[in-house]
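# Coordinate analysis (summary)
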Amino acid sequence: MNFEEDFDNASEVDLVVNTYPVQDDGLDEELLATDQVSQQYQEVQIPEVVKNFIMFFHRNVLENNVYELHSIYEHSFNKLTEKFYAKESWPDPEAISPLVNDDQVFLTLYRELYYRHIYSRLTPTIEHRFHSYENYCDLFNYILNSEGPVALELPNQWLWDIIDEFIYQFQSFCNYRNRIKNKNDDELAFLRDNSQIWSCYSVLNVLYSLIQKSRITEQLLVSKNGGDMQEAAGEYGSRPLYKMLGYFSIVGLLRVHCLLGDFTLALKMMDNIELNKKQALFARVTACHVTTYYYVGFAYMMMRRYADAIKAFSHILTFINRTKQYHTRSYQHDQINKKGDQMYALLTMCVTLCPTRLDENIHSQLREKYAEQSNKLSKPEEAMQVFEELFLFACPKFISPNGPNIDDPNVMNLTPFEPVQHYTKIFLAEVRHSILLPTLRSYLKLYTTMGNAKLALFLEIDPDQLRTLLMMSKIRSRQMKWVSGTLLEGEYQGTSDLDFCLKEDMIHISESKVGRRYGDWFLRNINKFQDILGGLELTTKA
């Protein structure tokens, strides 16, 4: 997981180029044909082109034509959505059932798209939320509990989206359930009678079951040790459907555990996934690739491993910049861009808490997007508000595993637990201890020696408080950094280009060659800063 130096980013770019080949703007001629639909279905108010699309879609699912399904899923479905269903739902599954000979497997897949469209473009009702959950149960029961592996193949992008959307709808339901004051009596009764729907246990059970059934953990371990994954695949894991669903479930658990606030367990899920491996499986789907690094970086940030978080964010942002011309062909273009903006916000905070030299392109983008916020973060009187704003914008929407007790007669009068606010307070409590460190660092970089009392005067704090601040700076300058092994492993290393020691009320300062070069530049331009420094006499560093 050497995110910058050791990872060959070019191999990932090649994967994206191959994933988004140039497509013909016209829908398939066979799909657009209008003379293939039987007259018996004319009474259903569905456009002819949509009927033909559904039958064409069904036939390719039956034939396991993954290449054609990729085009249907990524392009044709979204074009028809924009033309006919931009502001309404797709035809009810019962209405299209005669078109596909009541094929229950296809109807289950169609419902997955049907409810996902409602979540994306419309406002789901409580019935939609429950029926979508039931449909996911039907889909996963079919995959996991059939006699032997099922004869079904789907594009990797769709398999990822199934896991991603399953977790998103779980997250959405948890937030919906917590807003108890907005519920009427019917909704409360519905929630009371169906307490197990979208439960945390059921969601985790599905993800862990997919991992177990596919033996993906064993496959990755064999691959990690230089063997062939096929050796450990077994009957189910040798099928692409099970292998990729199991793999995407690992990334899904990384996300779920972050949403639940268990950042250590989140990174633990990635033990057998090598982020620095060329053409890793997560890189086959851009959205999965971005999600993986976002949650790895966020987990590191919440564990105060800012140097590792910076490397994770820098790596994936470089990848997004290099492949942005291909993202415009993807229906997830806006989602990838939004996630990129969130990671720039997280990177801004991490660099403030752990000053680090960034790639020139990343630094340029960072200044373009968050220059104003970055400047405010270095000012103690403004920093806390900006930290809070950036965190609320960029953090995942945390969830509580348990909803409010609906049977409590006073439930409507209770203040609901807000997970996002809870973790924001935890992060800000950590930041508050470091709020003066950027200012302290800016003074120390100007001197080789300095009296404790003088620096306390500059910072407008007591000398005893300064001693505490100096010790805190010393501790914060050493962090656990990944070197090799799993993501949770690492070694304590210095992360600052500035070092100092305190001896008999005198601070002795030294810095690396890089830091010295910037200090020399500052001294050469000292006349520009006389007003700020109040004419202080500086000691030039050797």
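Reading the values: rules and limits
- Residues numbered from 1 in each chain as written.
- Predicted model: local features only at pLDDT ≥ 70, side-chain atom pairs only at ≥ 80, totals over all residues.
- Heavy atoms only, no water.
- UniProt positions renumbered as here; feature names shortened; annotations may be inferred.
- Helix = DSSP H or I, 4+ residues; strand = E, 2+ residues; numbered from the N terminus.
- Buried < 20%, exposed > 50% of the residue type's maximum accessible area, 1.4 Å probe, protein only.
- Contact = heavy atoms within 4.5 Å.
- Pairing = 2+ DSSP bridges.
- Axes fitted to C-alpha atoms, helices over the stretch in contact; angles between N-to-C directions.
- Expected span 1.5 Å × (residues − 1).
- Bend = angle between axes of the 7 residues up to and from the residue.
- Polar contact = N/O pair within 3.5 Å; in protein donor to acceptor, adjacent residues only side chain to side chain.
- Salt bridge = Lys/Arg side-chain N within 4 Å of Asp/Glu carboxyl O.

Per an unreviewed UniProt entry, the protein chain is named Eukaryotic translation initiation factor 3 subunit L, and its organism is Modicella reniformis. As its UniProt record puts it under Sequence similarities (unreviewed entry), the protein chain is described as follows: "Belongs to the eIF-3 subunit L family." For the protein chain, the Subunit (unreviewed entry) comment in UniProt is given as "Component of the eukaryotic translation initiation factor 3 (eIF-3) complex."

### Regarding the side chain of Thr 81
Looking at where Thr 81 falls in the secondary structure, it is placed in helix α4 (residues 66-84). Look at Thr 81 and you get buried, because its relative accessible area is 4%. In contact with Thr 81, not counting residues within four places along its chain, are Ala 86, Trp 90, His 117 and Arg 121.

### Some remarks on the sheet that holds strand β4 (residues 498-503)
Pairing in this open sheet of 3 strands is antiparallel, and the strands run β1-β5-β4 from one edge to the other. Each edge of the sheet is formed by a strand with only one pairing partner; in this case those strands are β1 (449-451) and β4. Going across the sheet, the axis of each strand differs from the next one's by a mean of 25°, ignoring polarity. Across the sheet, helix α22 (residues 452-459) touches β1 and β5 (506-511), and the angle it forms with β1 is around 75°.

### Quick notes on the environment of Tyr 119
One can find Tyr 119 in helix α6 (residues 104-121). According to the relative accessible area criterion, Tyr 119 is buried, its value standing at 7%. Measuring from C-alpha to C-alpha, the distance between Tyr 119 and Ser 89 comes to 9.8 Å, with 30 residues separating the pair along the chain. Among residues more than four places away in sequence, those in contact with Tyr 119 are Pro 124, Arg 129, Ser 132, Glu 165, Tyr 168, Gln 169 and Ser 172.

### So, helix α18 (residues 360-377)
Taking 1.5 Å of rise per residue, 18 residues should cover 26 Å, yet α18 covers just 21 Å from first to last C-alpha, more than 12% shy of that figure. Along its length, α18 reaches its greatest deviation from straightness, about 85°, at Tyr 370. Within α18 the residues assigned to the buried category are Ile 362, Leu 366, Tyr 370 and Leu 377. Where α18 begins, the side chain of Asp 359 points an oxygen toward the backbone nitrogen of Asn 361, at a separation of 3.0 Å.

### Observations regarding the UniProt feature "transmembrane region" (unreviewed entry) in the protein chain
Sequence positions flagged by UniProt for "transmembrane region" (unreviewed entry) are, in local numbering, residues 245-269 and 281-301. Split by type, residues 245-269 is 84% helix and 0% strand. Its first and last C-alpha atoms lie 15 Å apart. This span, residues 281-301, is 76% helix and 0% strand, and a straight line between its end C-alpha atoms measures 25 Å.

### A few points about the pattern of salt bridges
Tallying each qualifying case throughout the model produces 14 salt bridges. When the shortest N-O distance is used, the salt bridge between Asp 505 and Arg 467 registers 2.6 Å. Taken together, the residues span a long stretch of sequence, with Asp 505 in the loop between β4 and β5 and Arg 467 in helix α23 (residues 463-476) at a distance of 38 residues. Here Asp 505 falls in the partly exposed class, since its relative accessible area comes to 42%. Note on Arg 467: relative accessible area 34%, which makes it partly exposed.

### Topic: unusual backbone geometry
Positive phi, normally seen in glycine, also occurs at Arg 215, with a value near 55°. Considering the arrangement of structural elements, one finds Arg 215 in the loop between α10 (200-214) and α11 (216-224). Assessed through its relative accessible area of 34%, Arg 215 is described here as partly exposed. Unlike most non-glycine residues, Glu 504 shows phi in positive territory, near 50°. Inspection of the secondary structure puts Glu 504 in the loop between β4 and β5. Residue Glu 504 is classed as exposed on the basis of its relative accessible area of 73%.

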